Number of protein chains: 2
Amino acid sequence: MDAALALSARGKGLTAPNPNVGCVIVKHGRAIGRGWTQPGGRPHAEAMAMAQAGEAARGATAYVTLEPCAHESPRGPACAALLIAAGVAEAVIALTDPDPRTNGRGAAMLRDAGIAVTTGIREAGARTAMAGFLARQALGRPQVTLKLATTLDGQIALADGSSRWITGPEARAHAHLERARHEAILVGRGTFEADSPRLDVRLAGLEARSPRRILLTRGPAPQGWEALAGPAAIGALEGVDHLMVEGGAATAAAFLRADLVDRLLLYRAPILAGAGLAAIGDIGLGDLAHAHGKWTLADTRMLGSDRLEVYLRG
Amino acid sequence: MDAALALSARGKGLTAPNPNVGCVIVKHGRAIGRGWTQPGGRPHAEAMAMAQAGEAARGATAYVTLEPCAHESPRGPACAALLIAAGVAEAVIALTDPDPRTNGRGAAMLRDAGIAVTTGIREAGARTAMAGFLARQALGRPQVTLKLATTLDGQIALADGSSRWITGPEARAHAHLERARHEAILVGRGTFEADSPRLDVRLAGLEARSPRRILLTRGPAPQGWEALAGPAAIGALEGVDHLMVEGGAATAAAFLRADLVDRLLLYRAPILAGAGLAAIGDIGLGDLAHAHGKWTLADTRMLGSDRLEVYLRG
């Protein structure tokens, strides 16, 4: 299942409104098929993995990060039907599909066909891997990641606005990889006017994965950008299951005040800035006691001399 | 030598102007004597370890974090003479004593007496363990540690000044342990007036190790406090080889501007504050390029849900 979860990451930011599923077909202890949801949402992970496995799929075990879909569509058959037709003997599923068209019916189809079904294996990992799809299903909005690149003392720029560079090349490359895993990136008016950011993915081979650019503004969208009137409107961003908020302090505060941040991506350089520009504006916190218990460290690593910390809500 | 370095930590903040040395006597692979510089500076580590070893010291190996002293004093004999009289066969020394009364002469005395001497073993560890003594010898001032307890976004308090509590009980206990390892703690006028801090060590059994309290002020010292006119005057703090700067932002900035901070102690809670009070005031940084390369991460660990990071200059 860990291999299937790793495969699911390949589709992150590319499959909305479909989930980024991963699938591995195993027979006699060997992986004979690997698949992940392809860009645009089709083929599904199971279809790709089954195509690789071919006839050998008969009697094999399918590991899949999300319950195989039970609904046919004009774009392809139901994955549950595919697994049944191929003669798979066993299916191991991380997470039941919250989509009402499947939700338990995919597993039931498999069981009715005599396939042994286990669910709930590495469910927490699957929730993390497909958090964008799950946020869209449960909350009707994308998963929101707030990215901050700061000094040790929490500044995102000097008082004159200069921020090149706080973090080093490894951290900046990682941030570009994160961009490639989001359908859209959002900045505020101040960042747009000060930096005219390109917000593209500047990594060899991934240039085509530059996300849509969203400007937080009540005014019209500039050329090449989309306009969003406020954080509460993110649910209306069609085809966006992962939204990255990149700046600045007022925009970060607006999303935090609205309690619409699910994930913090903190890049911290081992430098001190002193009086500069703080990372986050007023979030209306009146009592420190209310600040606790909201964030859990999910990952931390060194990127060159900088440290990355990923915090998840809850 | 690692055991000797661990013993040397026991004297940290208690031995100035003497170094906090650690010593282990080993014979046939067994430690037969352990010593560390006692509060007030005497007995020396070697004297304590030799007293434990007794007659068994004959033919043993002495591991000592600093070159044994070559100079007798009214308070006791030279440690090099002690080791010679006890018949030690071998001495392993981490660091040559920079004190001009010994500087190489201790090791020479041992060699002249037929003892095998090795130096430079775990020298970097010894430099860290005895950094206060070494700063006093090399720079004529104490080692300065700047302690900050912040939110993820670098705030030390909300806008109304409230800072209870940002960090949790484990981090606060660790900060009290750090206090016990400093001869003196310094705060600025703002912190003094806002918080009337006790700056004592509130750990069972360590209450007596509360350090001297220094107020950064051009005015007179309040009852129970000492006054310091400015960061540049720290060299005049007699008996202080380790100085902890605890707050607030203007005081932190004053020490950083004067380039008088050797060690950063960052306690970070997994909370966001938004617009509050930044940890550090204006340090006169005009160009981000000048901020890089000054700090190296020396230690990091979780303390409850908070993270401690220790950065050293250079």
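What counts and how
- Residues numbered from 1 in each chain as written.
- Chains lettered and ligands numbered in written order.
- Predicted model: local features only at pLDDT ≥ 70, side-chain atom pairs only at ≥ 80, totals over all residues.
- Heavy atoms only, no water.
- Helix = DSSP H or I, 4+ residues; strand = E, 2+ residues; numbered from the N terminus.
- Rg over C-alpha atoms; globule rule 2.2 N^0.38 Å.
- Contact = heavy atoms within 4.5 Å.
- Areas by Shrake-Rupley, 256 points an atom, 1.4 Å probe, with all protein chains shown as cover.
- Lys, Arg positive; Asp, Glu negative; His and termini not counted.
- Charge placed at Lys NZ, Arg CZ, Asp CG, Glu CD.
- Pairing = 2+ DSSP bridges.
- Axes fitted to C-alpha atoms, helices over the stretch in contact; angles between N-to-C directions.
- UniProt positions renumbered as here; feature names shortened; annotations may be inferred.
- Phe/Tyr/Trp six-rings, centres within 6.5 Å; stacked < 30°, edge-to-face > 60°.
- Buried < 20%, exposed > 50% of the residue type's maximum accessible area, 1.4 Å probe, protein only.
- Lys NZ or Arg CZ within 6 Å of the ring centre and 35° of its normal.
- Least-squares fit on C-alpha atoms with pLDDT ≥ 70 in both.
- Right-handed = clockwise from strand over helix to strand, strands pointing away.
- Salt bridge = Lys/Arg side-chain N within 4 Å of Asp/Glu carboxyl O.
- Polar contact = N/O pair within 3.5 Å; in protein donor to acceptor, adjacent residues only side chain to side chain.
- Nonpolar A, V, L, I, M, F, W, Y, C, P; charged D, E, K, R; others polar.
- Disulfide = S-S within 2.5 Å.

Brief notes about the overall build of chain A
Within chain A, the secondary structure is distributed over nine helices and 15 strands. Relative to its length of 314 residues, chain A is compact, with a C-alpha radius of gyration of 21 Å against a globular reference of 20 Å. By its C-alpha atoms, chain A is 65 × 45 × 40 Å across when sized along the principal axes. Contacts in chain A between residues at least 24 apart in sequence constitute 71% of all its contacts with a sequence separation of at least 6. When the accessible surface of chain A is summed, it comes to about 12,900 Å², and 53% of that surface belongs to carbon and sulfur atoms. Computing the positive centroid from 34 side-chain charges and the negative centroid from 30, chain A places the two 3 Å apart.

Considerations on the sheet that holds strand 14 (residues 295-303) of chain B
Residue and element names in this part refer to chain B. Across the sheet, which stays open at both edges, the eight strands sit in the order 10-9-8-11-6-12-15-14 with mixed pairing between neighbours. The open sheet terminates on both sides in strands that have one partner only, identified here as strand 10 (226-228) and strand 14. Going across the sheet, the axis of each strand differs from the next one's by a mean of 25°, ignoring polarity. Sheet topology places strand 6 (residues 143-150) next to strand 11 (residues 242-247); four bridges connect them, and they run parallel. By the bridge assignment for strand 11, valine 144 is matched with leucine 243. Most of the contacts of helix 7 (residues 169-180) go to strand 12 (residues 263-268), to which it runs at about 160°, and overall it touches strand 6, strand 8 (184-188), strand 11, strand 12, strand 14 and strand 15 (306-313).

Here we look at the UniProt feature "domain: CMP/dCMP-type deaminase" (unreviewed entry) in chain A
When the UniProt feature table is mapped to this numbering, "domain: CMP/dCMP-type deaminase" (unreviewed entry) covers residues 1-118 of chain A. Helix makes up 28% of residues 1-118 of chain A and strand 24%, with an end-to-end C-alpha separation of 12 Å.

A word on the packing of aromatic side chains
Within the structure shown, the criterion is met by two aromatic pairs over all chains. On the basis of an interplanar angle of 80° and a centroid distance of 5.0 Å, the ring pair of phenylalanine 192 of chain B and tryptophan 225 of chain B is categorised as edge-to-face. Of this pair, phenylalanine 192 of chain B sits in helix 8 (residues 189-195) while tryptophan 225 of chain B sits in the loop between strand 9 (212-216) and strand 10, and the two are 33 residues apart along the sequence. Each member of the pair, phenylalanine 192 of chain B as well as tryptophan 225 of chain B, is classed as buried. Sitting over the face of the ring of tryptophan 36 of chain A, arginine 10 of chain A holds its NZ or CZ atom 4.3 Å from the ring centroid. In this structure, arginine 172 of chain A is placed above the aromatic ring of tryptophan 165 of chain A, and the distance from its NZ or CZ to the ring centre is 3.9 Å.

Thoughts on the relation of the copies chain B and chain A
Aligned on chain A, chain B shows an RMSD of 0.0 Å; the corresponding rotation is 180° and the shift along the axis is 0.0 Å. Here the transformation between the copies is reduced to the relation of a two-fold axis. The rotation axis passes nearest to the C-alpha of glycine 154 of chain B in chain B, at a distance of 2.1 Å. In this assembly, 100% of the residues forming the interface of chain B have copies in chain A that are likewise at the interface, indicating an isologous arrangement.

Notes on unusual backbone geometry
Negative phi is the rule for most residues except glycine; trans is the rule for most peptide bonds. Geometrically, the link from alanine 16 of chain A to proline 17 of chain A is a cis peptide bond, its omega value of 5° lying close to zero. Looking at the element boundaries, proline 17 of chain A is found in the loop between helix 1 (2-9) and strand 1 (22-27). Of note, the amide linkage connecting arginine 164 of chain A to tryptophan 165 of chain A takes the cis form, showing an omega dihedral of -15°. By the secondary structure assignment, tryptophan 165 of chain A is in the loop between strand 7 (155-158) and helix 7 (169-180). Positive phi is not limited to glycine here, since arginine 122 of chain B has a value of about 60°. Of note, leucine 199 of chain B is a non-glycine position whose phi angle comes to about 55°, a positive value. Along the chain, the position of leucine 199 of chain B falls in the loop between helix 8 and strand 9. According to the relative accessible area criterion, leucine 199 of chain B is buried, its value standing at 3%.

Regarding the pairing of strand 3 (residues 61-66) of chain B
All names here are of chain B. Counting buried positions along strand 3 yields five of six residues, so the element is predominantly enclosed. With four bridges joining them, strand 1 (residues 22-27) and strand 3 adopt antiparallel strand pairing. Across the sheet, the residue bridging to cysteine 23 is valine 64, located in strand 3. Judged from the five bridges that link them, strand 3 and strand 4 (residues 90-95) form a sheet pairing that is parallel. Bridge pairing links threonine 61 to glutamate 90 in strand 4. Handedness of the strand 3-helix 3 (residues 79-86)-strand 4 crossover: right-handed.

What to know about the pattern of salt bridges
Residues and elements named next belong to chain A. Evaluation of the coordinates by the stated rule reveals 34 salt bridges over all chains. Among the ionic pairs, glutamate 246 bridges to lysine 147, the shortest N-O distance being 3.4 Å. Taken together, the residues span a long stretch of sequence, with glutamate 246 in strand 11 (residues 242-247) and lysine 147 in strand 6 (residues 143-150) at a distance of 99 residues. An identical accessibility class is assigned to glutamate 246 and lysine 147; each is buried. With its nearest N and O atoms 2.6 Å apart, the salt bridge here joins arginine 301 to aspartate 299. Look at arginine 301 and you get partly exposed, because its relative accessible area is 39%.

Considering the interface of chain B and chain A
At the interface, 39 residues of chain B touch 39 residues of chain A. Across the contact surface, chain B and chain A share four salt bridges. At the boundary of chain B and chain A, one finds eight residue pairs in polar contact (both at pLDDT 80 or more). Elements with a minimum of two residues in the side of chain B that touches chain A: strand 7 (155-158), strand 12, strand 14 and strand 15 of chain B. Among the elements that make up the side of chain B that touches chain A, the one with the highest residue count is strand 14 of chain B (four residues). Taken together, the residues that form the side of chain B that touches chain A break down as 22 nonpolar, nine polar and eight charged.

Things to note about the state of the cysteines
A disulfide bridge is the covalent bond that connects two cysteines by way of their sulfur atoms. Residue and element names in this part refer to chain B. For the coordinates displayed, the defined rule picks out zero disulfides over all chains. Distance from the sulfur of cysteine 23, which forms no disulfide, to the nearest cysteine sulfur (cysteine 79) is 8.3 Å. Its sulfur unpaired, cysteine 69 is 3.8 Å from the next cysteine sulfur, which belongs to cysteine 79.

Considering the side chain of aspartate 306 of chain A
All names here are of chain A. Tracing the backbone through its elements, the reader meets aspartate 306 in strand 15 (residues 306-313). A distance of 2.6 Å separates a polar atom in the side chain of aspartate 306 from the backbone nitrogen of glycine 168. Not counting residues up to four positions away in its chain, the partners in contact with aspartate 306 are Thr167, Gly168, Ala171, Arg268, Ala269, Pro270 and Arg301.

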